[in-house]
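# Understanding the architecture of this molecule
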Amino acid sequence: MQRRTLTLAAVSAFAATALPGTAAWGAEAYPSKPLRLIVGFAAGGGADSLTRIIAEGLAKQLGQQVIVENRPGADGVLAAQATSSARPDGYTLLMGTNTAMVAAPTLRPTPPYDPFKAFTPISSAGQFSMFLVVPASLPVKSVNELLALVAAKPGALNSASSNSASELAMLQLLGERKVVNARYKGDMQAMTDLLGGQIHMMFTTGTLAPGFVKEGRIRALVTLLPQRSGLLPDVPTGGELGLGKLTITPWAGFFGPPGLPQAVADRLSQELQNTLKRPEVHAQLVQQGFEGYGMSPARFTEFFRTQYDAFGATVREHNVKFE
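These remarks concern the structure in this document. Predicted, not measured: the structure shown is a model, and the values here were computed from it. (Residues numbered from 1 in each chain as written. Predicted model: local features only at pLDDT ≥ 70, side-chain atom pairs only at ≥ 80, totals over all residues. Heavy atoms only, no water.)

### Observations concerning the pattern of salt bridges
This is how it is decided: We define a salt bridge as a side-chain nitrogen of Lys or Arg found within 4 Å of a carboxyl oxygen belonging to Asp or Glu. Secondary structure elements are taken from DSSP: a helix is a run of H or I of four residues or more, a strand is a run of E of two residues or more, and numbering for both begins at the N terminus. Summary of the burial criterion: residues with accessible area below 20% of their type's maximum are buried, those above 50% are exposed, and those between are partly exposed, where the area comes from a 1.4 Å probe applied to protein chains only.
By the definition in use, this model includes eleven salt bridges. Note that Lys60 and Glu280 form a salt bridge whose closest N and O atoms lie 3.9 Å from each other. Of this pair, Lys60 sits in helix α2 (residues 46-62) while Glu280 sits in helix α10 (residues 279-287), and the two are 220 residues apart along the sequence. Two residues, Arg228 and Glu240, come together in a salt bridge whose shortest N-O distance is 2.9 Å. Linking Arg228 in the loop between β9 (218-223) and β10 (251-256) with Glu240 in the loop between β9 and β10, this pair joins segments that are twelve residues apart in sequence. According to the relative accessible area criterion, Glu240 is partly exposed, its value standing at 45%. Connected through salt bridges with shared partners, the residues Arg36, Glu69 and Arg71 form a single ionic network.

### Section: the sheet that holds strand β4 (residues 120-128)
For the record, the criterion: In short, DSSP must find at least two bridges between two strands for them to pair. A fitted line through C-alpha atoms serves as each axis, taken over the contacting stretch for helices, and the angle formed by two N-to-C directions is quoted from 0 to 180°.
Pairing is mixed across the open sheet formed by six strands, whose spatial order is β2-β1-β3-β10-β4-β11. Two strands in the sheet have a free side with no partner beyond their single neighbour: β2 (66-70) and β11 (290-292). Here the strands of the sheet are splayed against their neighbours by 25° on average, with no regard to which way each runs. Here β4 pairs with β11 via three bridges, running antiparallel.

### Brief notes about unusual backbone geometry
Residue Pro31 is bonded to the preceding Tyr30 through a cis peptide linkage, with omega at -5°. In this structure, Pro31 sits in the loop between α1 (2-18) and β1 (35-39). Although it is not a glycine, Ala74 sits at a positive phi angle of roughly 60°. Among the secondary structure elements, Ala74 is positioned in the loop between β2 and α3 (77-84).

### Here's the deal with the sheet that holds β9
Threshold: Pairs of residues are marked as contacts when any of their non-hydrogen atoms sit within 4.5 Å.
The strand order across the open sheet formed by five strands is β7-β6-β8-β5-β9, and the pairing between neighbours is mixed. Either end of the sheet is taken by a strand with one partner, and the two such strands are β7 (180-183) and β9. Neighbour to neighbour, the strand axes of the sheet diverge by 30° on average, direction disregarded. One ladder, built from five bridges, connects strand β5 (residues 130-135) with β9; its direction is antiparallel. If you follow Leu132 over to β9, its bridge partner there is Val222. Sheet strands in contact with helix α6 (residues 164-174) are β5, β6 (158-161), β7 and β8 (201-205), and its direction is about 135° off that of β8.

### Overview of the layout of surface pockets
For clarity, the cut-off: Grid points spaced at 1 Å and placed over the protein atoms alone form the basis of the search, with a cavity being a set where a 1.4 Å probe fits but cannot get out and a pocket an open set showing protein on both sides within 12 Å along at least five of seven lines. Lining residues have an atom within 4 Å of a point. Grid points are joined across faces, edges and corners, and a volume is the space filled by probe spheres set on the points. When residues are sorted by character, Ala, Val, Leu, Ile, Met, Phe, Trp, Tyr, Cys and Pro go into the nonpolar class, Asp, Glu, Lys and Arg into the charged class, and all the rest, Gly among them, into the polar class.
Here the largest pocket is characterised by a volume of approximately 320 Å³. If you trace the largest pocket, you find 14 residues lining it, with Leu171, Leu174, Gly175, Arg177 and Lys178 closest to the centre. Looking at the lining of the largest pocket, the element that brings in the most residues is α6, giving five residues. Residues belonging to the lining of the largest pocket are distributed by class as follows: five nonpolar, five polar and four charged.

Below you can see the structure in the form of structure tokens.
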């Protein structure tokens, strides 16, 4: 009897340390150390800026430091893989965009992972504003004028993309019209070349576009948002211009490694939702052209599946293939 009592006590002690977020472990004990939030894009870009705003707010919610780690490259796949292989203890999270979570698994001949098995969806982060921009030196002031110029000079103009979502949106816009696309690791580098005239067009986020538009250095021709952005209210939507084929709307969300305990996922989801409602976080996100909103893990999983299926349908419809 004494031996059995000791064994049960040992099992209880193991459960208290090995299953963070469970009833045995005690939800109040999580988190007990800093969290790592991985983002798959370079510092200074739209995704990085948003991640740091949310990380600061989340740190206040949790009472623990949230360290942002940049792992740019491969359309966010490197960051996603680092998260997927981490311990499912709630201390490693991914700020995942539709580039890594939808585009990479859909477009690559050999998908890097099954996004529904390699991660635990936690909560949405929200939706990026994205604008089609051209340098002020390019003699076009509307989407129709741009398309006419591209048609008149096939292969003479070039575009830039820092992720597969922006590249696919450009393909949707151009249809059969030909441009040369240059891939960048981040929006900042692409914008530098656009400002210098080496790049003629790109889809970029509300983090970079408004300031340069107001300075007169670039023109914004259309937004991918379903409604006009308050940052650039004069820029029409694709729907207003009759561009119903523009279906890509970049979003972001939070994921953990596979096997993340449900109690931890629920706790993180609730804290992230509360973070996005914090007045200072909301105000900063609005300035970045980002519509922040959170979801429960179940609702986010459903949203994720819907977005994945819709993206795949668009890829098949346009017969899009990426190297």
